[in-house]
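The primary structure of each chain is shown beneath.
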Amino acid sequence: MTLTKRDLVTRISEETGIVQQNVLDVLQKTLDHISEALAKGDNVELRNFGVFEVKVRKARIGRNPNAPEADVPIPQRSVVKFKAGKEMRAQVLKLPPELMLARKQPKPVAPSSPPAPSQ
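In this report, we go over the structure that sits alongside the text. Note that this is a predicted model, so its numbers are computed, not measured. Along each chain, the written sequence defines residue order, and numbers are assigned to residues from 1. With the structure being a predicted model, the display of local features is reserved for residues of pLDDT at least 70 and the display and counting of side-chain atom pairs for 80 or more, all residues being used for whole-chain, interface and lining totals. Side-chain metrics rest on all non-hydrogen atoms present in the structure, leaving aside hydrogens and water.

Quick look at the pattern of salt bridges
- Counted as salt bridges are all cases of a side-chain nitrogen of Lys or Arg within 4 Å of a carboxyl oxygen of Asp or Glu. This structure, assessed with the given rule, holds two salt bridges.
- Note that aspartate 71 is salt-bridged to arginine 63, the shortest N-O span being 2.4 Å.
- Any residue under 20% of the maximum accessible area for its type is buried, any over 50% is exposed, and the rest in between are partly exposed; the area is computed with a 1.4 Å probe on protein chains only. Using a relative accessible area of 48% as the deciding quantity, one classes aspartate 71 as partly exposed.

Printed below as a string of structure tokens:
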């Protein structure tokens, strides 16, 4: 299951009794400030949660698997990295790997029903 921003807003609103729109406004402002800081190259450290930091990936030469003879230059670029905090890491370590592997398995596709006969 994926936890969305909407899910967070609903949960926080139910737990605190704050109106969902107010929770959404605060959550969105928080995310906006994190994005702004990262866009300026600053690190964002949220104690016991983790650290977001901007790293520079070096320029390199890539290969197109469909045409391996042609080199593709990949320019240097900035990327956001996340390092989980101590408490989050401890919680995730408790998660059994079998559970995560089961979630990664492709879901079976139900056969489509034949079209209804037209009259």
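Description of a positive patch on the surface
- The patch calculation keeps residues exceeding 30% relative accessible area without a salt bridge and links them within 9 Å when they carry like charges or within 5 Å when they are nonpolar (Val, Leu, Ile, Met, Phe, Trp, Tyr). Areas reported as accessible are Shrake-Rupley estimates using a 1.4 Å probe. Residue values count occlusion only from the protein chains shown. In summary, the charge assignment counts Lys and Arg as positive and Asp and Glu as negative, without counting His or the chain termini. For this purpose, a charge sits on NZ of Lys, CZ of Arg, CG of Asp or CD of Glu. A contiguous patch of positive charge, built from Lys55, Arg57, Arg60, Arg77 and Lys81, is present on the exposed surface.
- Strands here are runs of E lasting at least two residues and helices are runs of H or I lasting at least four, both read from the DSSP assignment and numbered beginning at the N terminus. Within the residue set of the positive patch, elements represented by two or more residues are strand E2 (50-57) and strand E5 (77-84).
- Structurally, lysine 81 is set in strand E5.

Focus on the environment of glycine 85
- Mapped onto the secondary structure, glycine 85 falls in the loop between E5 and helix H3 (86-93).
- A relative accessible area of 11% places glycine 85 in the buried class.
- Between the C-alpha atom of glycine 85 and that of leucine 46, which follows or precedes it by 39 residues, the distance is 8.1 Å.

Describing the layout of surface pockets
- The calculated volume of the largest pocket comes to roughly 150 Å³.
- Taken together, Lys5, Leu8, Leu27, Thr30, Leu31, Ile34, Leu46, Phe49 and Phe52 form the lining of the largest pocket. A cavity, in this analysis, means grid points on a 1 Å lattice covering only the protein atoms where a 1.4 Å probe fits yet has no way out; a pocket is instead an open set bounded by protein on both sides within 12 Å along at least five of seven lines, and a residue lines either one if it has an atom within 4 Å of a point. Grid points are joined across faces, edges and corners, and a volume is the space filled by probe spheres set on the points.

Observations regarding the side chain of serine 13
- Position of serine 13 among the secondary structure elements: in helix H1 (residues 5-16).
- Those residues in contact with serine 13 that lie beyond four places of it in its chain are Ile18, Val19, Gln20 and Val23. The contact definition used throughout considers only heavy atoms, calling two residues in contact when any of these lie within 4.5 Å.

Some words on the nonpolar core
- The biggest cluster of nonpolar side chains holds five residues, and these are Ile34, Ala37, Leu38, Val44 and Phe52.
- Counting residues per element, this core draws most heavily on helix H2 (residues 20-39), at three residues.
- Dropping the residues within four chain positions of it, leucine 38 is found in contact with Val44, Phe52, Glu53, Val54 and Val80. Definition of nonpolar core: a set of buried residues of the types Ala, Val, Leu, Ile, Met, Phe, Trp, Tyr and Cys, connected through side-chain atoms within 4.5 Å.

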